[in-house]
Amino acid sequence: HGYGKNKVQHVHHLQAKGYQFSVIPALGFLMHHPHPISNTRKYWKGHTKHRNQDLYDTFEEELKERYGEMKTKRCENEESEEEEESASKEEIA
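Values in this document were obtained by computation on a predicted structure and should not be read as measured data. (Residues numbered from 1 in each chain as written. Predicted model: local features only at pLDDT ≥ 70, side-chain atom pairs only at ≥ 80, totals over all residues. Heavy atoms only, no water.)

This next bit is on the overall build of the chain. Along its length, the chain carries three helices and zero strands. Classification of the 93 residues of the chain by burial places 9% in the buried group. If you take every contact in the chain between residues at least 6 apart in sequence, the share linking residues at least 24 apart comes to 82%. For the chain, the accessible surface area stands at approximately 8,800 Å², while carbon and sulfur atoms represent 52% of it. (Helix = DSSP H or I, 4+ residues; strand = E, 2+ residues; numbered from the N terminus. Buried < 20%, exposed > 50% of the residue type's maximum accessible area, 1.4 Å probe, protein only. Contact = heavy atoms within 4.5 Å. Areas by Shrake-Rupley, 256 points an atom, 1.4 Å probe, with all protein chains shown as cover.)

In this section: helix 2 (residues 39–67). At Thr48, helix 2 is bent by approximately 65°, the largest bend along its length. By the burial criterion, the buried members of helix 2 are Trp44, Thr48, Asn52, Tyr56, Phe59 and Leu63. Residues of helix 2 that are buried in the fold lie against helix 1 (6–16). (Bend = angle between axes of the 7 residues up to and from the residue.)

Okay, the packing of aromatic side chains next. Per the stated rule, a full pass over the model turns up one aromatic pair. Both rings, one in Tyr56 and one in Phe59, keep their centres 6.0 Å apart while their planes meet at 35°; by these two values the pair is tilted. Separated by three residues within a single helix, Tyr56 and Phe59 lie in helix 2, roughly one turn from each other. Judged by its relative accessible area of 15%, Phe59 is buried. Between Lys5 and the ring centre of Tyr56, over which it is positioned, the NZ or CZ distance is 4.6 Å. (Phe/Tyr/Trp six-rings, centres within 6.5 Å; stacked < 30°, edge-to-face > 60°. Lys NZ or Arg CZ within 6 Å of the ring centre and 35° of its normal.)

This is the structure:
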């Protein structure tokens, strides 16, 4: 019914396969606009939400078995890390 975490699964699978994601600052980024409350959403919350969560949990277990444990990497600015390390060495000297 459109509320099955399909977009989340897609991104997690790409991450597990080793894809890297970036934000291009000059172009901004895309945000998901919330679904309006509809009869379908009401049905999902009352009848299929927990089933979808169970399916999603199974999907995540299958990803772990296939690709190993996933850890989300922090986005860091390499230049600032190098500058920080250099400054720390200067303070010690």
